[in-house]
Each structure stands twice: as structure tokens, then as C-alpha cells.
Amino acid sequence: MKARLEFNLPEERVEFDMCTKSGDMHSVLWDMDQWLRSKIKYAPDDMSEDTYNAFELCRETLHESLNENNINLDIC
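Residues numbered from 1 in each chain as written. Predicted model: local features only at pLDDT ≥ 70, side-chain atom pairs only at ≥ 80, totals over all residues. Heavy atoms only, no water.

### Observations regarding helix H3 (residues 49–68)
In this model, H3 (20 residues) spans 28 Å end to end at C-alpha, consistent with the 28 Å of a helix rising 1.5 Å per residue. Those residues of H3 that fall on the buried side of the exposure criterion are Phe55, Leu62 and Leu66. The buried residues of H3 occupy one face: seen down the axis, they fall within an arc of 35 degrees. The exposed residues of H3 that point more than 90 degrees off its buried face are Glu49, Asp50, Leu57, Asn67 and Glu68. Check the buried side of H3 and you find it contacts helix H2 (22–41). Positive phi shows up at Asn70, right after H3, with a value of about 55 degrees. (Helix = DSSP H or I, 4+ residues; strand = E, 2+ residues; numbered from the N terminus. Expected span 1.5 Å × (residues − 1). Buried < 20%, exposed > 50% of the residue type's maximum accessible area, 1.4 Å probe, protein only. Arc of directions from axis to C-beta. Contact = heavy atoms within 4.5 Å.)

What follows is the structure, given as C-alpha cells:
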């Protein structure tokens, strides 16, 4: 099975860029998730509870948004 995406350029430049940059977007999302994970997992003892909770909330919100859009960072 093959799939082909076609774009009428320059009219569909935004759509084209979104498709061709999807790998980069995946990398950014993966890096952000891992950064948040490390902030939570390796939180220093002097980190305030508010800061810790903010990192957790950011990661949870990221995961909720990914799930709502059927995006799984682990399969790419």
C-alpha cells in the first residue's frame, strides 16, 4: 500500500510545511516530555511544592492534549 500527499503550492504552503516538519514537531514534543519528566523525577529537595506541582500539571496537560489528538510519542 502506498500513500501520496499532494499540495498546490504556494497556496497550500502552510499545510505542506506542517507535513514536512512533522518529524521535527515530534522531536520537540518528545524532548519537552522528557524534560518535564526529568524535572519531576529528579526534583531537588529544595524545590518548592508549587514548582513541583507546576511541572506535574504541565506534563499531565501535555499528555492529555496528545491523547485527545491520538498522538503517541512512543511509536514514532
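### Examining the pattern of salt bridges
Side chains bearing opposite charge may pair, as long as their charged atoms lie close to each other. A complete count under the given rule lists two salt bridges for this structure. Put simply, Arg13 and Asp17 hold a salt bridge, and the shortest N to O gap is 3.6 Å. On the criterion of helical spacing, the pair formed by Arg13 and Asp17 is a turn pair, its members being four residues apart in helix H1 (residues 13–20). For Asp17, a relative accessible area of 30% corresponds to the partly exposed category. The residue Arg59 makes a salt bridge to Asp33 at a minimum N-O spacing of 2.7 Å. In this pair, Arg59 is assigned in helix H3 and Asp33 in helix H2, connecting sequence segments 26 residues apart. For Asp33, a relative accessible area of 6% corresponds to the buried category. (Salt bridge = Lys/Arg side-chain N within 4 Å of Asp/Glu carboxyl O.)

All quantities given are derived from atomic positions and should not be read as evidence of function.
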